[in-house]
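# Chains, contacts and geometry: an overview
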Amino acid sequence: MGANAIGLLAGLAGGLVGWTLLEYAIHFWLGHLPRGRILTSREHLAHHADILYFTPFALKVRGAIPVLSAVLLGAGAAFGAWAGAGATIGIAAGWTVYEVVHQSIHVNGPRSAWSRWAARHHLEHHFRNPRANHGVTTPIWDLLLGTHVPVERVRVPARAVPSLPWLERALASGSTPEFLADYEIAS
Ligand SMILES: [Zn+2]
Ligand SMILES: [Zn+2]
C-alpha cells in the first residue's frame, strides 16, 4: 500500500475516533454548558424542551462546514493532505451516523440490543440526568470524563410518553416488546 493510501486510512480512523470526542464536546460543552448563550446551545435546549424538535438540516450543515474545513486544513497541515482528507471523511461519517442514531432513538425506538442500550443511555439524559450521558453513539467519553451513569430502567413521566411515539404505540397496542422492560412510566 502506498504512503498516500496509508495516510488516508490513518486519517479516516483518527477522524472516526475524533468524532466520538466531538460528539461529546458539541453536546455537553457547546449544547449544555453555555446555557443558551450561543446558537448551538439554544438549539440543543429547544430539543430538551421538545424532544421531537430537531435542529433543521440546513442549519446543521451550516454548523458542520466550518468544523470540517478546520479539520481538513488543520489535520492536512499537521499530517499531510491525504491524512487530512481521511480525517475529514471520518468525522463527516461519524457525524452522519450520530444524526441517524439520535433521530432513530427518538422516532423509531429500540430495534436491537445495541439500540436498546443507546435509547436507555440517551433517554436517561433527557428525563432524569441532563448532566450525564452526553455521548450518544458511545459511552467512552462519559466513562473517561466521569459523566457516565449506567441505566437499567428509564423513568418516563406519563406526560412525556406522547413524545416517544414508539413507546406510546407499544403501550397502546398491549404487545410486550422486550424493550418495554427498560421503561417505567411515572405518573
Ligand atoms: Zn435527544
Ligand atoms: Zn442534552
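Moving on: the nonpolar core. Membership of the largest hydrophobic core comes to 28 residues, with the highest contact counts inside it found for Leu123, Val156, Leu167 and Tyr183. At the level of secondary structure, the elements contributing two or more residues to this core comprise α3 (57–79), α4 (81–107), α5 (113–127), β1 (154–157) and α7 (165–173). With six residues, α4 is the largest single contributor of residues to this core. When neighbours within four sequence positions are excluded, tyrosine 183 is seen to be in contact with Pro110, Ala119, Arg120, Leu123, Arg153, Val154, Val156, Trp166 and Leu167.

Another point: the packing of helix α1 (residues 3–32) against helix α2 (residues 39–49). At a closest axis distance of 7 Å, the pairing of α1 and α2 adopts a crossing angle of 100 degrees. Between α1 and α2, the crossing angle belongs to the class labelled roughly perpendicular. Of α2, the residues touching α1 (which contributes Ile26, His27, Leu30, Gly31 and His32) are Thr40, Ser41, His44, Leu45 and His48. Within the contact of α1 with α2, the residues separate by chemical class into three nonpolar, seven polar and no charged.

Turning our eyes to something else, we now look at unusual backbone geometry. Residue arginine 35 is not a glycine yet carries a positive backbone phi of 45 degrees. Within the element layout of this structure, arginine 35 appears in the loop between α1 and α2. Classification of arginine 35 by relative accessible area gives exposed; the value is 63%. Residue asparagine 133 is not a glycine yet carries a positive backbone phi of 55 degrees. Mapped onto the elements, asparagine 133 comes out in the loop between α5 and α6 (140–145). You can call asparagine 133 buried: its relative accessible area is 0%.

The subject of this paragraph is the environment of glycine 36. Residue placement: glycine 36 occurs in the loop between α1 and α2. Each C-alpha atom of the pair glycine 36 and phenylalanine 127 lies 19 Å from the other, and the pair is 91 residues apart in sequence.

The protein atoms that coordinate the zinc ion (ligand 1) are His47 (NE2), His102 (NE2), His106 (NE2), His122 (NE2) and His126 (NE2), at distances spanning 2.0 to 2.2 Å. Binding-site remark: the zinc ion (ligand 1) is held by donors from one chain whose sequence spacing is H-x54-H-x3-H-x15-H-x3-H. Placement of the pair is histidine 102 in helix α4 and histidine 122 in helix α5, with a sequence separation of 20 residues. The buried category is assigned to histidine 122, whose relative accessible area is 1%.

Scoring rules and cut-offs
Residues numbered from 1 in each chain as written. Chains lettered and ligands numbered in written order. Predicted model: local features only at pLDDT ≥ 70, side-chain atom pairs only at ≥ 80, totals over all residues. Heavy atoms only, no water. Core = buried A, V, L, I, M, F, W, Y, C linked by side-chain atoms within 4.5 Å. Buried < 20%, exposed > 50% of the residue type's maximum accessible area, 1.4 Å probe, protein only. Helix = DSSP H or I, 4+ residues; strand = E, 2+ residues; numbered from the N terminus. Contact = heavy atoms within 4.5 Å. Axes fitted to C-alpha atoms, helices over the stretch in contact; angles between N-to-C directions. Parallel < 35°, antiparallel > 145°, perpendicular 65-115°, else oblique. Nonpolar A, V, L, I, M, F, W, Y, C, P; charged D, E, K, R; others polar. Donors = N, O, S within 2.8 Å, 3.2 Å for Na, K, Ca; no water.

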